[in-house]
Amino acid sequence: MPVALANIRSELLPGLFDVRGSYDMIPRQWDKVFKTHKSNMAVERSTQMAFVGLPFLKDEGAATQFDNNAGERFTWAFVHIEVALGYAITRKAIDDNLYKSQFNPTNLKLQEAFAQFKEIQGANVLNLGNVYNSAQIGDGKALFATDYPADGTTWANTSATPKSLNESSLLANMTNVRTSFINERGLRILSRARRLVVPPNLEQVAIRLCKTDLRPGTADNDVNAILTLSGGLPEGFIVLDFLTSNFAWFLTTNIEGLIHMLRIPYESDMWVDNITDNLLVKAYERFSFGYNDPRAAWAEYPSS
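Each chain carries its own residue numbering, running from 1 in the written order of its sequence. Per-residue local features are limited, in this predicted model, to residues with pLDDT of at least 70; the limit for side-chain atom pairs, both in listing and counting, is 80 or more; totals at the level of whole chains, interfaces and linings are taken over all residues. Only hydrogens and water are removed before side-chain values are computed, so all heavy atoms of the structure are retained for them.

Moving on: the overall build of the protein chain. Helix and strand definitions here come from DSSP, where helices need a minimum of 4 consecutive H or I residues and strands a minimum of 2 consecutive E residues; each element is numbered from the N-terminal end. Helix and strand counts for the protein chain stand at four helices and 12 strands. Radius of gyration means the value over C-alpha atoms here, while the globule rule gives 2.2 Å times the residue count to the 0.38 power. The globule rule puts the C-alpha radius of gyration for 304 residues at 19 Å, and the 26 Å found for the protein chain is more than 25% above it. Only protein chains enter the area calculation, which uses a 1.4 Å probe; residues under 20% of their type maximum are buried, those over 50% are exposed, and those in between are partly exposed. Burial statistics for the protein chain: of 304 residues in total, 41% are counted as buried. Here, two residues are considered to be in contact whenever any of their heavy atoms come within 4.5 Å of each other. Of the contacts formed within the protein chain by residues at least 6 apart in sequence, a portion of 77% connects residues at least 24 apart.

Written as structure tokens, this is what we have:
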């Protein structure tokens, strides 16, 4: 049923001193975590390649050993979702509404609704980062795992026992990002933590850890090592309002891998139905959120 006179009864009569319902919305946050790529395909794919490993010692006169194990290891898929929403409003509801500036029938905040849906979709990559998504294919692991496969070994971007956010756990994970990330052949890579990502419940902790020059939580005159260890956290911290756990926290790194794939940007349309005289308004968007390199982040999922 369209929005009709019965849905705006009070707006048909003079005397209202205010019409409420429109609020400032949370500013866009997902683009602080994900990098946008334009998509031209129904499904976008990305491959993870392996190059050569370490060289071998060679004895005088001996043959050179060859490494022919380079090549493709994993394929990641980005399957776009379609997002659509519309509404209809009768001509009488438009004509007889005395408060069009406060309740504009041509602008019932479709764009804001789409924007918040996008925030939820982006945050869910982290919210569900410890759950394997078979649609992404990849290496058979969740975004965050303790046993990512590499040739002849494994590596981790989460802890076997989840750690709550504090000075020691943050410093430990900044070091883990630097020392434990390897490529597909087991070679160490230049990986550094760049930003701390927390839910609103941990904002106070993040402020104390990242905004003080001296060591947090002590009476010592030690410097705050978080600010300088492995280059510190040059992008500081961000609070994501749509993280569902009050205790999970993340480190994003200098390695690109958290991806927003834009197939069709937000678009809207509006027309009058010639049969009913109803005003019809609709919007549409097509995109995906995902990842193609788990080295882009480190995660912890403690329960308290």
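Stacked, edge-to-face and tilted labels apply to pairs of Phe, Tyr and Trp rings (six-membered ring for Trp) whose centres lie within 6.5 Å, assigned for plane angles under 30 degrees, over 60, and everything in between, in that order. Evaluated as defined, the whole model comprises 11 aromatic pairs. Each ring, one from Phe181 and one from Trp298, has its centre 6.3 Å from the other, and the planes form 20 degrees; the classification is stacked. Separated by 117 residues along the polypeptide, Phe181 in the loop between helix H3 (167-180) and strand E7 (193-198) and Trp298 in strand E12 (residues 297-300) bring together distant segments of the chain. Residue class for Trp298 comes out buried when judged on its relative accessible area of 4%. Ring geometry for Phe250 versus Tyr301: centroids 5.6 Å apart, planes at 85 degrees, classification edge-to-face. Residue Phe250 is found in strand E9 (residues 249-253), and its partner Tyr301 is found in the segment after E12; the two are separated by 51 residues along the sequence. Residue classification places Phe250 among the buried positions, given a relative accessible area of 2%. An aromatic cluster is defined as three or more aromatic residues linked by ring pairs; in this entry it consists of Trp30, Phe34, Phe287 and Phe289. Counting as a charge over the ring demands two things of the Lys NZ or Arg CZ atom: a distance within 6 Å of the ring centre and an angle within 35 degrees of the ring normal. Between the NZ or CZ atom of Lys118 and the centre of the ring of Phe287, over which it lies, the distance is 4.8 Å.

What follows concerns the side chain of Thr253. Following the sequence through the fold, Thr253 ends up in strand E9. Beyond its immediate chain neighbours, meaning those up to four positions away, Thr253 contacts Val177, Phe181, Arg192, Ala193, Arg194, Arg295, Ala296 and Ala297.

Our focus in this paragraph is the sheet that holds E7. For two strands to be treated as a pair, DSSP must find at least two bridges joining them. Sheet architecture is open: four strands sit in the order E8-E7-E9-E12, paired in mixed fashion. The two strands at the open ends of the sheet, each matched to only one other strand, are strand E8 (237-239) and E12. Ignoring strand direction, the axes of neighbouring strands in this sheet form an average angle of 20 degrees. Bridge count between E9 and E12: four bridges; the pairing is antiparallel. Paired with Phe250 across the strands is Ala299, a residue of E12. Under this scheme, a helix contributes an axis fitted over its contacting stretch, all axes are lines through C-alpha atoms, and angles between N-to-C directions fall in the 0 to 180 degree range.

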